[in-house]
Amino acid sequence: MSVKIRLQRHGKKGKPYYWIVAADARAKRDGKFLEKLGAYNPNTNPATIELNVDGAVQWLQNGAQPTDTARAILSYKGALLKNHLAGGIAKGALTEEQAEAKFNAWLEEKAAKVQAKEANLSEAQAKAKAEALAAEKAVNDARIAAAAPVVEEATEEAQAEGDDATASNEEE
C-alpha cells in the first residue's frame, strides 16, 4: 500500500480549509485517511498552518510520499529538516543533541521571519489606512471649499441688490 501525505479539502465554496492527512494513494481526495497530521488555512495572511511535526516525520520515515503542496508545507514547518536530521543521526553523522540544537535554531530563525512579515503587513495596512484617511480629508476639504464661496457670493449678491434698492429709494 502506497501512502501519500496530502491535503484534504474542507470549508465552503471560495473559502478553502485543508486538513493535512496521511492517506492511501488510491483513496479519494476527500475520502478515507489514515491519520490527520494538521490543518492549513490559506485564507489568512500569512497562511495559518498547524502541523504535528513528529507525526509527519514518522510517516516520512515509513515511506510516505508528500504531494507537491504538502511537501512545501512540510518544508515550511520544518518536518523535512527534522527527517533529514533524523537520517543523519541514524548514520552516526550527528548526535541527538546536535540535531535538536540545529532544529531549534532553525525554528527560531523561521519564527523571526514570520514575525517580521506580520509586522510589515500590519505596518502596510496602517499606512494604507492613514493614506485613505488623508485622501478622504482632502476630498472633504475640497467639498467644503467649493460650498463656502457659493454662500459668500449669495450674500454679496444680496448686499448688492440691497445697495441698489437703497440707491433707487434715495433717488425717488
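The paragraphs below set out a description of the structure included in this document. (Residues numbered from 1 in each chain as written. Predicted model: local features only at pLDDT ≥ 70, side-chain atom pairs only at ≥ 80, totals over all residues. Heavy atoms only, no water.)

**Some details on the packing of helix α1 (residues 53–61) against helix α3 (residues 79–91)**
At a minimum axis distance of 9 Å, the contact between α1 and α3 shows a crossing angle of 55°. With respect to each other, α1 and α3 are oriented oblique. For the crossing formed where α1 meets α3, the hand is right-handed. Across from Val 53, Asp 54, Ala 56, Val 57, Leu 60 and Gln 61 in α1, the residues of α3 making contact are Ala 79, Leu 80, Lys 82, Asn 83 and Ala 86. Among the residues forming the contact of α1 with α3, the class breakdown is seven nonpolar, two polar and two charged. (Axes fitted to C-alpha atoms, helices over the stretch in contact; angles between N-to-C directions. Helix = DSSP H or I, 4+ residues; strand = E, 2+ residues; numbered from the N terminus. Parallel < 35°, antiparallel > 145°, perpendicular 65-115°, else oblique. Left-handed = near helix turned anticlockwise from the far one by under 90°. Contact = heavy atoms within 4.5 Å. Nonpolar A, V, L, I, M, F, W, Y, C, P; charged D, E, K, R; others polar.)

**Some words on helix α2 (residues 68–77)**
The set of residues buried in α2 consists of Ala 70, Ile 73 and Leu 74. Looking straight down α2, one finds its buried side chains confined to an arc of 100°; they lie on one side. Following α2 by one or two positions, Gly 78 adopts a phi angle in the positive range, close to 95°. (Buried < 20%, exposed > 50% of the residue type's maximum accessible area, 1.4 Å probe, protein only. Arc of directions from axis to C-beta.)

**As for the sheet that holds strand β2 (residues 15–24)**
Two modes of strand pairing occur in sheets, parallel and antiparallel, and in both the strands are linked by backbone hydrogen bonds. Strand order across the open sheet formed by five strands is β4-β3-β2-β1-β5, with mixed pairing between neighbours. Whereas interior strands pair on both sides, the edge strands pair on one side only; in this sheet they are β4 (48–51) and β5 (65–66). (Pairing = 2+ DSSP bridges.)

**Comments concerning α3**
Given a rise of 1.5 Å per residue, 13 residues ought to cover 18 Å, and the 19 Å separating the end C-alpha atoms of α3 matches this to within 8%. Those residues of α3 lying buried are Ala 79, Leu 85 and Gly 88. Looking one or two places after α3, you find Gly 92, whose phi comes out positive at around 90°. (Expected span 1.5 Å × (residues − 1).)

**A few points about the nonpolar core**
Core analysis: the largest hydrophobic core is formed by 24 residues, its most contacted members being Ile 5, Ile 20, Leu 37 and Leu 51. At the level of secondary structure, the elements contributing two or more residues to this core comprise β1 (3–12), β2, β3 (35–41), β4, α1, α2, α3 and α4 (96–171). Sort the elements by how many residues they give to this core and α1 lands first, with five residues. Residues contacting Ile 20, with those up to four places away along its chain left out, are Ile 5, Arg 6, Leu 7, Glu 35, Lys 36, Leu 37, Gly 38, Ala 39, Tyr 40, Glu 50, Leu 51 and Ile 73. (Core = buried A, V, L, I, M, F, W, Y, C linked by side-chain atoms within 4.5 Å.)

**A few points about the environment of Leu 7**
Position of Leu 7 among the secondary structure elements: in strand β1. The exposure class assigned to Leu 7 is buried, which follows from its relative accessible area of 15%. It is 5.6 Å that separates the C-alpha atoms of Leu 7 and Trp 19, two residues lying 12 residues apart in sequence. Leave out the neighbours within four places in its chain, and Leu 7 touches Tyr 18, Trp 19, Ile 20, Arg 29, Tyr 40, Thr 69 and Ile 73.

**Here we look at the pattern of salt bridges**
In the structure shown here, the tally under the stated rule is four salt bridges. Residue Asp 30 is joined to Arg 29 by a salt bridge in which the shortest nitrogen-to-oxygen separation is 2.8 Å. Between Asp 54 and Lys 82 there is a salt bridge whose closest N-O contact spans 2.8 Å. Linking Asp 54 in helix α1 with Lys 82 in helix α3, this pair joins segments that are 28 residues apart in sequence. (Salt bridge = Lys/Arg side-chain N within 4 Å of Asp/Glu carboxyl O.)

**Remarks on the side chain of Asn 41**
By the secondary structure assignment, Asn 41 is in strand β3. In this structure, Asn 41 is in contact with Pro 16, Tyr 17, Ala 47 and Thr 48, ignoring residues within four places of it in sequence.

**Comments concerning the side chain of Arg 6**
Mapped onto the secondary structure, Arg 6 falls in strand β1. There is no salt bridge for the buried Arg 6, and the closest opposite charge comes from Asp 24, which lies 7.2 Å off by N-O distance. Polar side-chain contacts of Arg 6 include one of 2.9 Å to the backbone oxygen of Ala 27. Among the polar contacts made by the side chain of Arg 6, one reaches the main-chain carbonyl oxygen of Lys 28 at a distance of 3.0 Å. (Lys, Arg positive; Asp, Glu negative; His and termini not counted. Polar contact = N/O pair within 3.5 Å; in protein donor to acceptor, adjacent residues only side chain to side chain.)

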